[in-house]
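Coordinate analysis (summary)
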Amino acid sequence: MSLRHEITRHIVATYLPDTTAADLEPSLDLFDAGVVNSLQLLELIGWLRERYRLPVEDLDLSLQSFRSVAAIQDFIETNAPTGAGGAAGATGGKTH
């Protein structure tokens, strides 16, 4: 499963249970669309930290990094340790 697909599936399952992964555009602004609010963002960052072993306490976190599935993918690819939960190897390169 690609990194983008895994992120999309998590967001749909957690925040949009009546939506399919295919219906969530990678560029959709998750905040403007009301998919994720500030509390849910903290939950999402926690999931990303655990799933991809992201050292979030050591990173400069910006709201822009979490605005869309594509932005989250870029954030993971930039910051995840090599081999962290398959983040580096499972992507097959950027898909946007």
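This write-up is about the structure you can find in this document. (Residues numbered from 1 in each chain as written. Predicted model: local features only at pLDDT ≥ 70, side-chain atom pairs only at ≥ 80, totals over all residues. Heavy atoms only, no water.)

1. Let's talk about helix α2 (residues 38-52)
One turn of an α-helix holds 3.6 residues; hence residues three or four places apart share an orientation. The terminal C-alpha atoms of α2, which comprises 15 residues, lie 21 Å apart, in line with the 21 Å expected from a rise of 1.5 Å per residue. Within α2 the residues assigned to the buried category are L41, L44, I45, L48 and Y52. For α2, the arc enclosing every buried residue in end-on projection is 100°, short of the 170-degree limit, so these residues lie on one face. Away from the buried face of α2 by more than 90 degrees, exposed residues L39, L42 and E50 are located. Tucked inside the fold, the buried residues of α2 contact α1 (3-15) and α3 (69-79). Downstream of α2 by a residue or two, R53 has a phi angle that is positive, lying close to 50°. (Helix = DSSP H or I, 4+ residues; strand = E, 2+ residues; numbered from the N terminus. Expected span 1.5 Å × (residues − 1). Buried < 20%, exposed > 50% of the residue type's maximum accessible area, 1.4 Å probe, protein only. Arc of directions from axis to C-beta. Contact = heavy atoms within 4.5 Å.)

2. As for unusual backbone geometry
A positive phi is found at R53, a non-glycine position, where the angle reads about 50°. Looking at where R53 falls in the secondary structure, it is placed in the loop between α2 and α3.

Any functional reading would require information that these geometric values do not contain.
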